[in-house]
Amino acid sequence: YENNSKKFLENAIKNSLNLDIKEIYISSLLRCEISQNDDKSPILSSSIELCRPYLFEEIRLIEPKIIVTLGEKAFMHLYPNLLLKGGFASIRGSILKNENSLILPTFSPEWISKNPSFENIFIDDLRKIKGVI
């Protein structure tokens, strides 16, 4: 994550969940930096495909109670089987069950930085974690 997005996420976790960033585990779809930052880039898509098995192995080893996917693209790359007819908007903020973990799809910090009027909805989504942890 960019520095501003990381700081935003850390503050949101601290303020909405009363947790220190050291009490949670943050990971990424990508295991290395790539120069292409375009969401439609074939390089980005193929890099995500190559990294997906490593992320799923990481999830298997850590055994998280809940996984928060930050943004529609992250959710779609990991759990497209959980998507409903209404698309991402219909499941965003819902706690979904998948194998041994719960999944909470919500907005990405980058998206919130471009759409600040949704920040309170994002915070409300994060607060739903309190009932699970």
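None of the values given here were measured: they were computed from a predicted structure.

### A look at the packing of helix H1 (residues 3-17) against helix H6 (residues 119-127)
Here is step 1 of the chain: In contact at an axis separation of 9 Å, H1 and H6 are set at 60° when each is read in the N-to-C sense. Classified by the angle their axes make, H1 and H6 are oblique. Our pair here, H1 against H6, has a crossing hand that is right-handed. Two secondary-structure elements touch here, H1 through Phe8, Leu9, Ala12, Ile13, Ser16 and Leu17 and H6 through Glu119, Phe122, Ile123, Leu126 and Arg127.
Here is step 2 of the chain: Counted by class, the contact of H1 with H6 contains eight nonpolar, one polar and two charged residues.

### Some details on H1
Here is step 1 of the chain: With 15 residues, H1 extends 21 Å between its outermost C-alpha atoms, agreeing within 8% with the 21 Å of an ideal straight helix rising 1.5 Å per residue.
Here is step 2 of the chain: Turning to H1, its buried residues are Ser5, Phe8, Leu9, Ala12, Ile13, Ser16 and Leu17. On an axial view of H1, the arc spanned by its buried residues comes to 130°, and they lie on one face. Residues Asn3, Asn4, Lys14 and Asn15 are exposed on H1 and point more than 90 degrees away from its buried face.
Here is step 3 of the chain: Check the buried side of H1 and you find it contacts strand E1 (66-70), helix H5 (109-114) and H6.
Here is step 4 of the chain: Remark: Asn18 follows H1 within two positions and exhibits a positive phi of approximately 60°.

### Quick look at a nonpolar patch on the surface
Here is step 1 of the chain: Together, Tyr25, Leu61 and Ile62 make up an exposed nonpolar region whose accessible area comes to about 330 Å².
Here is step 2 of the chain: Among the secondary structure elements, Leu61 is positioned in helix H2 (residues 42-62).
Here is step 3 of the chain: Residue class for Leu61 comes out exposed when judged on its relative accessible area of 57%.

### With respect to the nonpolar core
Here is step 1 of the chain: Phe122 and Ile129 are the most contacted members of the largest nonpolar core, which totals 15 residues.
Here is step 2 of the chain: The set of elements that each furnish at least two residues to this core consists of H1, E1 and H6.
Here is step 3 of the chain: Here this core takes five residues from H1, the largest share from any one element.
Here is step 4 of the chain: Ile129 has contacts with Leu17, Ile66, Val68 and Leu104, leaving out every residue within four places of it along the chain.
Here is step 5 of the chain: In this structure, Ile48, Leu55, Tyr79 and Phe88 belong to the second largest nonpolar core, which totals 14 residues.

Thresholds applied
Residues numbered from 1 in each chain as written. Predicted model: local features only at pLDDT ≥ 70, side-chain atom pairs only at ≥ 80, totals over all residues. Heavy atoms only, no water. Axes fitted to C-alpha atoms, helices over the stretch in contact; angles between N-to-C directions. Helix = DSSP H or I, 4+ residues; strand = E, 2+ residues; numbered from the N terminus. Parallel < 35°, antiparallel > 145°, perpendicular 65-115°, else oblique. Left-handed = near helix turned anticlockwise from the far one by under 90°. Contact = heavy atoms within 4.5 Å. Nonpolar A, V, L, I, M, F, W, Y, C, P; charged D, E, K, R; others polar. Expected span 1.5 Å × (residues − 1). Buried < 20%, exposed > 50% of the residue type's maximum accessible area, 1.4 Å probe, protein only. Arc of directions from axis to C-beta. Patch = residues over 30% accessible without salt bridge, like charges linked within 9 Å, V, L, I, M, F, W, Y side chains within 5 Å. Areas by Shrake-Rupley, 256 points an atom, 1.4 Å probe, with all protein chains shown as cover. Salt bridge = Lys/Arg side-chain N within 4 Å of Asp/Glu carboxyl O. Core = buried A, V, L, I, M, F, W, Y, C linked by side-chain atoms within 4.5 Å.

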